[in-house]
Amino acid sequence: MDQPVKISIDNLTKVFYKKNNSVTAIQNITLNVEEGEFVCIVGPSGCGKTTLLRILADLEQPSSGTFSIESDTDFRPLQSMVFQEKGVIPWLTVEENVAFGLNMRHLPKEFVRKQTNYYLKKVGLTKFSKLYPKELSGGMKQRISIARAFANDPEILLMDEPFAALDEQNKFILQEELLSIWSETKKTVIFITHSIDEALLLSDRIVLMSAQPGEIVEEIKVPLPRPRTMEQVRANLEMAEQFIAIWNHLQQEVQKSRK
Ligand SMILES: Nc1ncnc2c1ncn2[C@@H]1O[C@H](COP(=O)(O)OP(=O)(O)OP(=O)(O)O)[C@@H](O)[C@H]1O
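Residues numbered from 1 in each chain as written. Predicted model: local features only at pLDDT ≥ 70, side-chain atom pairs only at ≥ 80, totals over all residues. Heavy atoms only, no water.

As recorded in an unreviewed UniProt entry, the protein goes by the name NitT/TauT family transport system ATP-binding protein, listed as coming from Psychrobacillus psychrotolerans.

As structure tokens, this is what we get:
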């Protein structure tokens, strides 16, 4: 791709201190993500993926190392995050949830309305806009989170297993919706997943992490041209080989972490 670097991560390490011991969640993570690139991070449970994302979201301080997110305007927020669950505010309607970040920035009402309606439509929630989250399915709630994240128009998007709690069918639909919005906006995305299929479908590049302490052990460029569908990912021989290589890596790391 050879786009300018958007996210620059330099030697990040995070150690959590508990009473009598400490856990090194991530160790010496160095990674550059290009403008408009979609990077998936895959690694065994507990290898520090969420910790890395929380540091990039400024929700956690690193023990050492630095990172930077390129921005040439003060207008946009640096990052928006989409979580696996509980990303919606229960006492706000669907449209108020989507507009939340924009309203927090006191943007003009007409702009907020247009931006909110645009992304509600993109995720198919227009006719549910006046409902409250408790009236919606899990897939619809994740659509709200995705619409809100894109409506915020941040410099980068950080997504922590946003589809992990969904059934297969909903997952496929939301993955394709996400790809469609992303290809329009060309946001820089870091996306955590346990699903190899999902990583192969979504990513320009897959970053594989080791078992704890999480280090980057390999980076895989996904060669399948876009637009992609899950059918293409499943039918492509090269993708099948990549799947097995990543699967083997994960198996080895899980074994290591159990020793
Ligand atoms: N606030 C915290 N205090 C203490 N330890 C923590 C804290 N947050 C994370 N850890 C520890 O850091 C390690 C990495 O956790 P993290 O949630 O980042 O991993 P993960 O790769 O996202 O896991 P999973 O794939 O299971 O979601 C774990 O051992 C976890 O117990």
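Colleague: Account for the packing of helix α4 (residues 138-151) against helix α5 (residues 168-185), with residues named and values stated.
Modeller: Close contact between α4 and α5 brings their axes to 11 Å; oriented N to C, the two are set at 10°. It follows that α4 is roughly parallel to α5 by the angle criterion. Contacts between α4 and α5 involve Gly-139, Gln-142, Arg-143, Ile-146 and Phe-150 from the first element and Asn-170, Ile-173, Leu-174, Glu-177, Leu-178, Ile-181, Trp-182 and Thr-185 from the second. Residue composition of the contact of α4 with α5, grouped by class: seven nonpolar, four polar and two charged. (Axes fitted to C-alpha atoms, helices over the stretch in contact; angles between N-to-C directions. Helix = DSSP H or I, 4+ residues; strand = E, 2+ residues; numbered from the N terminus. Parallel < 35°, antiparallel > 145°, perpendicular 65-115°, else oblique. Contact = heavy atoms within 4.5 Å. Nonpolar A, V, L, I, M, F, W, Y, C, P; charged D, E, K, R; others polar.)

Colleague: Help me get a handle on helix α3 (residues 109-122), residues and values and all.
Modeller: Along an α-helix, a turn takes 3.6 residues, which lines up residues three or four apart on a common side. Compared with the 20 Å implied by 1.5 Å per residue over 14 residues, the 20 Å span of α3 between its first and last C-alpha is a close match. Among all positions of α3, only Val-112, Gln-115, Thr-116, Tyr-119 and Leu-120 are buried. End-on view of α3: buried residues confined to an arc of 130°, all on one side of the axis. Of the exposed residues in α3, the ones pointing more than 90 degrees away from its buried face are Lys-114 and Lys-121. Among the structural elements, α2 (94-104), α4 and α5 are those in contact with the buried residues of α3. Gly-124 sits one or two positions beyond α3 and adopts a positive phi of about 70°. (Expected span 1.5 Å × (residues − 1). Buried < 20%, exposed > 50% of the residue type's maximum accessible area, 1.4 Å probe, protein only. Arc of directions from axis to C-beta.)

Colleague: Describe the nonpolar core, with residues and values.
Modeller: If you look at the biggest cluster of nonpolar residues, it comprises 49 residues, and the most contacted ones within it are Ile-146, Leu-178, Phe-191, Ile-206 and Ile-246. Take this core: its biggest share by element is seven residues, from α4. Discounting residues that sit within four places of it in the chain, Ile-206 has contacts with Cys-40, Val-42, Ala-199, Leu-200, Glu-218, Glu-219, Ile-220, Val-222 and Ile-246. In terms of nonpolar packing, the next biggest core, distinct from the first, is built from 23 residues, Leu-31, Leu-53, Ile-69 and Ile-156 among them. (Core = buried A, V, L, I, M, F, W, Y, C linked by side-chain atoms within 4.5 Å.)

Colleague: Which residues make up the environment of Leu-107, and what values do they have?
Modeller: Residue placement: Leu-107 occurs in the loop between α2 and α3. Residue class for Leu-107 comes out buried when judged on its relative accessible area of 15%. Discounting residues that sit within four places of it in the chain, Leu-107 has contacts with Phe-75, Leu-102 and Val-112.

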